[in-house]
Amino acid sequence: MRSTIQSAFACALVLAAGSAFSQQANDFSDVEVTAHQVAGNVYYLAGRGGNIGVVINADAVLLIDTQFAPLTERIVATVKSLSDADIRLVINTHVHPDHTGGNENLRGMGVPVMAHDNVRARMSKGLNGGDPAAMYALPAVTFADETKLYFGGQEVRVFKVPAAHTDGDSFIYIEDVDVMHVGDVFRTTGYPVIDAGNGGTAQGTLDALQLILDMAGPNTQIIPGHGEVSSVADVREFRSMIAEVTQRVTSLIEQGMSLEQVAAAAPTADLDERWGSPDRFLTGLYQSLTEAGR
Ligand SMILES: [Zn+2]
């Protein structure tokens, strides 16, 4: 295990889901990587970990995120089934290993990785102080606010959003086909994850989701970090739920409650049927709200 980020994340998975899941999480033998068309030349790949965005042009393929290292061969083979063109660039939406785990393999194949400055900075800290082999997984190209790529005449906009899921979240917008990959700021599989340890914040989550609502039109297709391709209406529902829970938890914090007391008060009881277990969300929310200027 090279990366302490990976270790920490694996621990989080174990804590969240129990040891049976962690055994399953380490065994990738049964994972199938499947391709799904989103619009025109844009696809997403599902396997295990974050949804991978794929932008295909005649002479180049762009990948958005890389899932886990043991899946790289299957990911590359699935891309080959869509196009003869080579993968020319990887963009990471954020730092987590279920989105960056294949970076090192892809760089080994000569594919540069690009991400926000904070992704590289946070990954660097987790990579044991400069082990040259591990450094190979780091993004080779970084940007501070925004950058544009021109792929086969298509403009791909990559831009930093407010610190939401982490402090290095980027959205990727392919305006031409009206598709946006928004990483883990948005997910359809449950409550949001606010990774306060990696700089994520509640207010940033609301602001970044608002950015989607401001930018997207009625036909925009939004690829989430986890779950199903969605519409702006889905994002609106997700954001409203977060705003509501944030308000409830803020008022419990104002009553002086600890995290344990907030959790015991079950502020999401009426929402859990729809969104699942709130434990991780409440933890991140509480950390974010109590660190923010209190
Ligand atoms: Zn994530």
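Residues numbered from 1 in each chain as written. Predicted model: local features only at pLDDT ≥ 70, side-chain atom pairs only at ≥ 80, totals over all residues. Heavy atoms only, no water.

## Some words on the sheet that holds strand β5 (residues 87–91)
Keep this limit in mind: Strand pairing is assigned whenever DSSP detects at least two bridges linking the two strands. Think of it this way: any DSSP run of H or I at least four residues long counts as a helix, any run of E at least two long counts as a strand, and we number them from the N terminus. Here, axes are lines fitted to C-alpha atoms. For helices the fit covers the stretch in contact, and angles between N-to-C directions go from 0 to 180 degrees. Two residues qualify as a contact provided that any one of their heavy atoms is within 4.5 Å of a heavy atom in the partner residue.
If you walk across this open sheet you meet the 7 strands as β1-β2-β3-β4-β5-β6-β7, and the pairing is mixed. The open sheet has two edge strands with one neighbour each: β1 (34–39) and β7 (141–143). Each adjacent strand pair in this sheet contributes to an overall mean axis angle of 25°, direction not counted. Two elements, strand β3 (residues 52–57) and strand β4 (residues 60–64), share 5 bridges in a ladder whose sense is antiparallel. Looking at β4, one finds that Asn57 is bridged to Ala60. Contacting β1, β2 (42–46), β3, β4 and β5, helix α3 (residues 72–82) runs over the sheet at an angle of about 150° to β2. Where helix α6 (residues 117–126) meets the sheet, it contacts β6 (113–116) and β7, and its direction lies at approximately 100° from that of β6.

## Comments concerning the coordination of the zinc ion
Spelled out, the test is: Here the term donor refers to an N, O or S atom within 2.8 Å of the metal (or 3.2 Å for Na, K and Ca), and because water is left out of the atoms, sites may appear incomplete. In this scheme the shape depends on donor count and angles: four donors with every angle between 85 and 135 degrees give tetrahedral, four or six donors with opposite pairs above 155 degrees and others between 65 and 115 give square planar or octahedral in turn, and any other case is irregular. Burial here depends on accessible area, computed with a 1.4 Å probe over protein chains only, as a share of the maximum for the residue type. Under 20% is buried, over 50% is exposed, and the range in between is partly exposed.
Every protein donor of the zinc ion is accounted for by His94 (NE2), His96 (ND1), His165 (NE2) and Asp184 (OD), and the metal-donor separations fall at 2.2 Å. Coordination geometry of the zinc ion: the 4 donor atoms subtend angles of 84 to 167° at the metal centre, consistent with an arrangement described as irregular. Written as a sequence motif, the donor residues of the zinc ion are H-x1-H-x68-H-x18-D. Remark: His165 occurs in the loop between β9 (154–160) and β10 (170–174) and His96 occurs in the loop between β5 and α4 (97–100); sequence separation between them is 69 residues. The exposure class of His165 is buried, given its relative accessible area of 1%.

## A word on empty space enclosed by the protein
Convention followed: A pocket, in this scheme, is an open set of points on a 1 Å grid over the protein atoms alone with protein on both sides within 12 Å along at least 5 of 7 lines, while a cavity is a set where a 1.4 Å probe fits but cannot get out; residues line either one if an atom lies within 4 Å of a point. Grid points are joined across faces, edges and corners, and a volume is the space filled by probe spheres set on the points. In the scheme used here, Gly and all other residues not listed as nonpolar or charged are polar, with Ala, Val, Leu, Ile, Met, Phe, Trp, Tyr, Cys and Pro taken as nonpolar and Asp, Glu, Lys and Arg as charged.
For the structure on display, the rule yields 1 cavity of 30 Å³ or more. Lining the largest cavity, in full, are Val95, Asn118, Val119, Arg122, Thr166, Asp167, Gly168 and Asn198. The residue makeup of the lining of the largest cavity, split by class, is 2 nonpolar, 4 polar and 2 charged.

## Regarding unusual backbone geometry
Residue Asp65 is not a glycine yet carries a positive backbone phi of 80°. With respect to the helices and strands, Asp65 occurs in the loop between β4 and α3. For Asp65, a relative accessible area of 0% puts it in the buried group. Non-glycine residue Asp178 carries a positive phi angle of around 60°. Following the sequence through the fold, Asp178 ends up in the loop between β10 and β11 (179–181).

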